[in-house]
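Chain residues, written in single-letter form:
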Amino acid sequence: MTDLTPAAAAFPGARRPDRQRFVDSHGVTIAVHEWGDETAPPLLLAHGGMDFARTFDVFAPLVAAGGFRVVSWDHRGHGDSSHAALYSWEADLRDAVAVFDSIGPTAVPVVAHSKGGSLMLQLADALPHRVSHLVNLDGLPSRRSFPDVSDHQRTKLMAQELTNWLDHRRTLVDARRKPGTIDELACRRARMNPRLSMEWLRYLVTAGAREDDDGWRWKIDPTIRFGGFGPWRPEWSMMRLPDVGVPVLAVLGTEPDPMGWGTLPDDVLSHLPAGGRLVSIEGAGHFLHIEQPEAVAELVLEHVA
Amino acid sequence: MSPATVMLQHNRIRLALHELRRGEGRPLLHLHGLAERSPSGVPRQLEAWSGAVWALDLSGHGASSVAPGAGYFCEVLMADVDAAIGHLGPVTIYGRGLGAYVGLLMAGGRGDAVRGAILTDGPGLAGGGPMPPSPAIATRVDPPPPGGTPDPWAIYELTRDPRPPDYAATFARQAAVHSGLDTAIAVVGVNRPPWLEAVVAEPGVIECGLDEALALFNP
């Protein structure tokens, strides 16, 4: 369990999960966190890349108060889930199914943010009998806009990216994350999440990092690297959206955010399935549920009612 | 295990790199196909290579370890090969099937260290095709064979990975640009899945017989 220091563990409205348990996914241990009445109907929350379930510590209790057993999980290598030998999209999907299986065979509402949104969109496409409603929080990547450069220049840029990635792979054995104080870790996170308050980021450190003898370290597997390359195309996620046959709510913020996809309302509207709904939240960035948890929770509860 | 096998560590995977034949000069590195393992000796068709011949068991194959919970994809297998290159120095690659695609990626990823890649037929050449396959999430596969490899999850995942032709062509282009070789890739097989059709259309890629390819890259 997370070692919380009393001074840093408080944030207005935040509540630690009411229960934590673990499920096995083909040899990888997945940490599952739950808020709300254990006998209430379940609702799943999926976090984004480089995040962890306890980033829902404010949002999840609001949804639970609407009468749900809110269930979330740490993706492999994130939060309290075990570090794996390999990480892939397909493996994340299988891990998600293990969590679904742990709450039963019936279809459940799913709310998913960022990378989790794309994962759950694919899961809803592949296993429509497991999802009753889908809420996607800025998790619909649109076609990547490449800079206007020549083929030659683009080849050079990709070569650098590849070299950096291969060099990174050569350094992974026994890699550890850099230790620091709670404030130092919060400041590092702020570089990725500049719209989030330092007070929240400090709280996140106490949930998503552990305290070693030489300082705090994020729990996320140090071998996981932000960004990268591969054959995946953003439009491969978006093309699944029209397939979804359950009620869909897509939510976007209006503010640009370095962690966001840069997806515009028109990108989504053209792919919404019949009956789907798109809502833009004024003044919010990529982390809609953290910046405006009450507004997003209200939308979710209205959608799944 | 043969005394000529070197175990390398790639993150949390142990890789078996087999020395099939000692020799001077740049080695030929054999990459097997999907669900195969490295040969125990120099295959007859590669005897014309004048120098050392090595073979790598990719993750989840042969004497290399499996990844609990799986998550195999071709780019991480490319990094397996990079670990081998870190041990051997510059190599010429001979890749079969899956190993051909991984060899292409490696030729593009380390143009300075891959002095020619020979791509040929073998299991797993096509992968999952140019686009993601129909949606499906498998939660079970057959039990592994005695010894644990090939990992059934590796077989499942590496037959579904998308291989867009323009993505593959980018690696061929990089191999041509960064190797400085007039010919960076020789395609000697018969089959041409879409990714390989795109590769053979790139400058610096030739289609020829295996003996010609071996002679071309022999140091």
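(A) Representation of the overall build of chain B in the model. Scanning chain B from terminus to terminus reveals 6 helices and 8 strands. Mapped from its N terminus to its C terminus, chain B presents α and β elements in the order β-β-β-β-α-β-α-β-α-α-β-α-β-α. Taken over the C-alpha trace, chain B has a radius of gyration of 16 Å; the compact-globule value for 219 residues is 17 Å, and the two agree within 12%. Along the first, second and third principal axes, the C-alpha atoms of chain B reach 45 × 40 × 30 Å. Across the 219 residues that make up chain B, the buried fraction comes to 54%.

(B) Expanded view of the overall build of chain A. Helices and strands together make up the secondary structure of chain A, namely 10 helices and 10 strands. Here the C-alpha atoms of chain A give a radius of gyration of 19 Å, agreeing with the 19 Å that 2.2 N^0.38 yields for 305 residues. With respect to the three principal axes, the spread of C-alpha positions in chain A is 50 × 50 × 40 Å. Counting contacts in chain A only where the partners sit at least 6 residues apart, residues at least 24 apart contribute 73% of the total.

(C) Seen up close, the confidence of the model for chain B. Per-residue pLDDT for chain B has a mean of 96; in total, 99% of the residues score no lower than 70. Confidence metrics for the complex model read pTM 0.94 and ipTM 0.94.

(D) Main features of the interface of chain B and chain A. Across the boundary between the two partners, chain B contributes 35 residues, which contact 33 residues of chain A. At the level of secondary structure, the elements contributing two or more residues to the side of chain B that touches chain A comprise strand 1 (5-10), helix 1 (74-88), helix 2 (98-109) and helix 4 (165-179) of chain B. Here the side of chain B that touches chain A takes 6 residues from helix 4 of chain B, the largest share from any one element. Class assignment for the residues of the side of chain B that touches chain A results in 16 nonpolar, 12 polar and 7 charged.

(E) Region of interest: the sheet that holds strand 4 (residues 69-73) of chain A. All names here are of chain A. Across the sheet, 8 strands lie side by side as 1-2-4-3-5-6-9-10; this open sheet has mixed pairing. The open sheet is flanked by strand 1 (19-25) and strand 10 (277-281), the only strands paired with a single partner. Between one strand axis and the next, the sheet turns through 20° on average, direction left out of account. Relative to strand 2 (residues 28-35), strand 1 runs antiparallel, the two sharing 7 bridges. Bridging from a neighbouring strand, Asp24 pairs with Thr29 of strand 2.

(F) Summary view of helix 6 (residues 210-217) of chain B. Residues and elements named next belong to chain B. When we look at burial in helix 6, the residues that qualify are Ala213, Leu214 and Phe217. With its buried residues spanning 100° around the axis, helix 6 presents them on a single face. On its buried face, helix 6 sits against strand 5 (91-96), strand 6 (114-120) and strand 7 (185-187).

Conventions used here
Along each chain, the written sequence defines residue order, and numbers are assigned to residues from 1. A letter from A marks each chain and a number from 1 marks each ligand, given out in the order of writing. This being a predicted model, a pLDDT of at least 70 is required before a residue's local features are given, and a value of 80 or more before pairs of side-chain atoms are given or counted; all residues contribute to the totals for chains, interfaces and linings. A run of H or I in DSSP becomes a helix once it reaches four residues, and a run of E becomes a strand once it reaches two; helices and strands are each numbered from the N terminus. It is over C-alpha atoms that the radius of gyration is taken, and the globule rule equals 2.2 Å times the number of residues to the power 0.38. Exposure classification rests on a simple neighbour count of other C-beta atoms within 10 Å of a residue's own: a residue reaching 20 or more is buried, one at 12 or fewer is exposed, and one in between is partly exposed. C-beta atoms are placed from the backbone. Here, residues touch in the contact sense if the C-beta positions derived from the backbone fall within 7 Å of one another. Per-residue confidence from the predictor is reported as pLDDT, a score between 0 and 100. Note that Gly is not counted as nonpolar here; it falls among the polar residues with everything else outside the nonpolar set of Ala, Val, Leu, Ile, Met, Phe, Trp, Tyr, Cys and Pro and the charged set of Asp, Glu, Lys and Arg. Strands pair, by our definition, only if DSSP identifies at least two bridges between them. Helix axes are fitted only over the stretch in contact, all axes being lines through C-alpha atoms; the angle between N-to-C directions runs from 0 to 180 degrees. Taken from the helix axis, the directions to the C-beta atoms give the arc we talk about.

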